[in-house]
Amino acid sequence: MVTLHQLRCFVATVEHGSFTKAAEALGLAQPSLAQQIRLLERGVSATLFQRVGRGVVPTEAALALEGHARQALDAVEQGSRAVASADQAVTGTIRFGLFGAAHLYLETQLVADMRARFPSARLALIGQNSMDTIELVRRGQLEAALVALPVDDSVLHVKPVTRDEVVYVTADPDRVQQFVTPTDLAAATLVLSEVTWGDADFTRQQLRSAVQSVGGTLRAAIEVENVETALEVAALGLADAITARSVVRRHQDKLSAPLYCFSLEPRLYDHFAIVCRHNAVISRPVQAVIEMAAARLRELVRTTTA
């Protein structure tokens, strides 16, 4: 199948008369450009260039293809400009749902992305906990949302995005050997967030189940609303916290003392996904926000856990 990338490489080679110069113009390695030309030749079943000295010259087949290649690339460029113009004209409010700790992951960057893409629109990012955000999507009050799993998918379409490891966080690394077991959790002095949602919070449910499997009870010495407060309490050495690894990495420089992360045994993860109603028609602005949010979250988790 002929691709636009192949056509760009082809046109650049025609213009520059050299694979090397064409690759430099496109910011590619010469072998990569040559490979694209070979794939294009295979796609059109014709030889497109003949080597002459240190350069190349187009064949008759290449000259026949050139005009059509340029038209295709021009059409794509015009389409891109049309989309950009349409984005500039988008007004009204773009509403998008997020999981509760999204501000610790991507919210500010997502706002910047949205403002750059839709400068004339008003923005509303909604969500204090995934449970509530999912309910808004289920009721049709939000077109889509980026949430933490699980969800009841009987009326929702779920598209996984990425995952982030949930870890044991302490200011005293000597409290932990290598992994934190359910027995360790049962004996630990813990500060847990999401106090309003309590037992309904899925991470807590998983922790409680793990502790109960060894005959223990998950007890929080301290409960708070948000993850930031839990980490600040942990930094003071008052209790140990449990949260996602990326959150600790991003928040560390704001704390009064360094925190150390240890994996749970068995390992535990927060899984994130885009949710919308089955067969829902997603507006173009919200679809764009979905793509931006997913890309931001994947990149953040990748860079903070590498």
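The structure we're discussing is the one just above.
The structure reproduced in this document is the subject of the present report. Predicted model, so just to flag it, every value in this text is computed and none were measured. (Residues numbered from 1 in each chain as written. Predicted model: local features only at pLDDT ≥ 70, side-chain atom pairs only at ≥ 80, totals over all residues. Heavy atoms only, no water.)

**Considering the overall build of the protein chain**
Logical step 1: Counting its secondary structure elements, the protein chain contains eleven helices and ten strands.
Logical step 2: Here the C-alpha atoms of the protein chain give a radius of gyration of 26 Å, more than 25% beyond the 19 Å that 2.2 N^0.38 yields for 306 residues.
Logical step 3: Of all 306 residues assigned to the protein chain, the portion counted as buried reaches 43%.
Logical step 4: A separation threshold of at least 6 residues defines the contact pool for the protein chain, and within that pool the share at least 24 residues apart is 74%. (Helix = DSSP H or I, 4+ residues; strand = E, 2+ residues; numbered from the N terminus. Rg over C-alpha atoms; globule rule 2.2 N^0.38 Å. Buried < 20%, exposed > 50% of the residue type's maximum accessible area, 1.4 Å probe, protein only. Contact = heavy atoms within 4.5 Å.)

**Overview of the environment of Gln205**
Logical step 1: Looking at where Gln205 falls in the secondary structure, it is placed in helix α8 (residues 202-212).
Logical step 2: Each C-alpha atom of the pair Gln205 and Asp113 lies 34 Å from the other, and the pair is 92 residues apart in sequence.

**A look at the sheet that holds strand β8 (residues 222-223)**
Logical step 1: The strand order across the open sheet formed by eight strands is β4-β3-β5-β10-β6-β9-β7-β8, and the pairing between neighbours is mixed. Two strands close off the open sheet at either side, each with one partner strand: β4 (122-126) and β8.
Logical step 2: The sheet contact formed by strand β3 (residues 93-98) and strand β5 (residues 144-148) spans two bridges and is parallel. Pairing of Leu98 across the sheet is with Leu146, part of β5. (Pairing = 2+ DSSP bridges.)

**Observations regarding the layout of surface pockets**
Logical step 1: Reported here for the largest pocket is a volume of approximately 590 Å³.
Logical step 2: What lines the largest pocket is a set of 32 residues, and nearest its centre among them are Ala148, Glu194, Asp201, Thr203 and Asp270.
Logical step 3: Tallying contributions element by element places α8 first for the lining of the largest pocket, with five residues.
Logical step 4: Broken down by class, the residue content of the lining of the largest pocket amounts to 19 nonpolar, seven polar and six charged. (1 Å grid on protein atoms, 1.4 Å probe; cavity = no way out; pocket = protein on both sides within 12 Å on 5 of 7 lines; lining within 4 Å. Points joined across faces, edges and corners; volume = space filled by probe spheres on them. Nonpolar A, V, L, I, M, F, W, Y, C, P; charged D, E, K, R; others polar.)

**Here we look at the pairing of strand β10 (residues 260-277)**
Logical step 1: Across five bridges, β5 lies against β10 in antiparallel orientation. Bridge assignment links Ala145 to a residue of β10, and that residue is Val275.
Logical step 2: The pairing of strand β6 (residues 156-170) with β10 spans 14 bridges and is antiparallel. Each residue of the ladder has a partner; that of Asp164, found in β10, is Asp270.

**Focus on unusual backbone geometry**
Logical step 1: Cis geometry is found at the peptide bond from Leu149 to Pro150, where omega equals 10 degrees.
Logical step 2: Its location among the elements puts Pro150 in the loop between β5 and β6.
Logical step 3: Cis rather than trans, the peptide bond between Glu265 and Pro266 has omega equal to 5 degrees.
Logical step 4: Position of Pro266 among the secondary structure elements: in strand β10.
Logical step 5: Positive phi is not limited to glycine here, since Ser45 has a value of about 55 degrees.
Logical step 6: By the element assignment, Ser45 lies in the loop between α3 (30-44) and β1 (49-52).
Logical step 7: You can call Ser45 exposed: its relative accessible area is 68%.
Logical step 8: A positive phi angle is found at Glu194, which is not glycine, with a value near 65 degrees.
Logical step 9: With respect to the secondary-structure elements, Glu194 resides in the loop between β7 (190-192) and α8.

**Considering the packing of helix α2 (residues 19-26) against α3**
Logical step 1: Remark: α2 packs on α3, axes separated minimally by 8 Å, with the N-to-C direction vectors making an angle of 105 degrees. If you check the angle between α2 and α3, you find them roughly perpendicular. Contacts from Phe19, Thr20, Ala22, Ala23 and Leu26 of α2 reach α3 at Gln30, Leu33, Ala34 and Ile37.
Logical step 2: By residue class, the composition of the contact of α2 with α3 is seven nonpolar, two polar and no charged. (Axes fitted to C-alpha atoms, helices over the stretch in contact; angles between N-to-C directions. Parallel < 35°, antiparallel > 145°, perpendicular 65-115°, else oblique.)

**Some details on the pattern of salt bridges**
Logical step 1: Going through the model one piece at a time under the given rule, you end up with eleven salt bridges.
Logical step 2: A cluster of three or more residues bridged by salt bridges with shared partners is formed by Glu15, Glu66 and Arg70. (Salt bridge = Lys/Arg side-chain N within 4 Å of Asp/Glu carboxyl O.)

**Focus on the nonpolar core**
Logical step 1: Counting residues in each nonpolar core, the largest one holds 48 residues, and the members touching the most others are Phe96, Tyr105, Leu146, Leu231 and Leu297.
Logical step 2: The residues touching Leu231, leaving out its near neighbours within four places in the chain, are Val169, Ala241, Thr243, Val247, Val248, His251, Leu255 and Leu259.
Logical step 3: By size, the runner-up hydrophobic cluster in this structure holds 20 residues, among which are Phe10, Ala23, Ile37 and Phe49. (Core = buried A, V, L, I, M, F, W, Y, C linked by side-chain atoms within 4.5 Å.)

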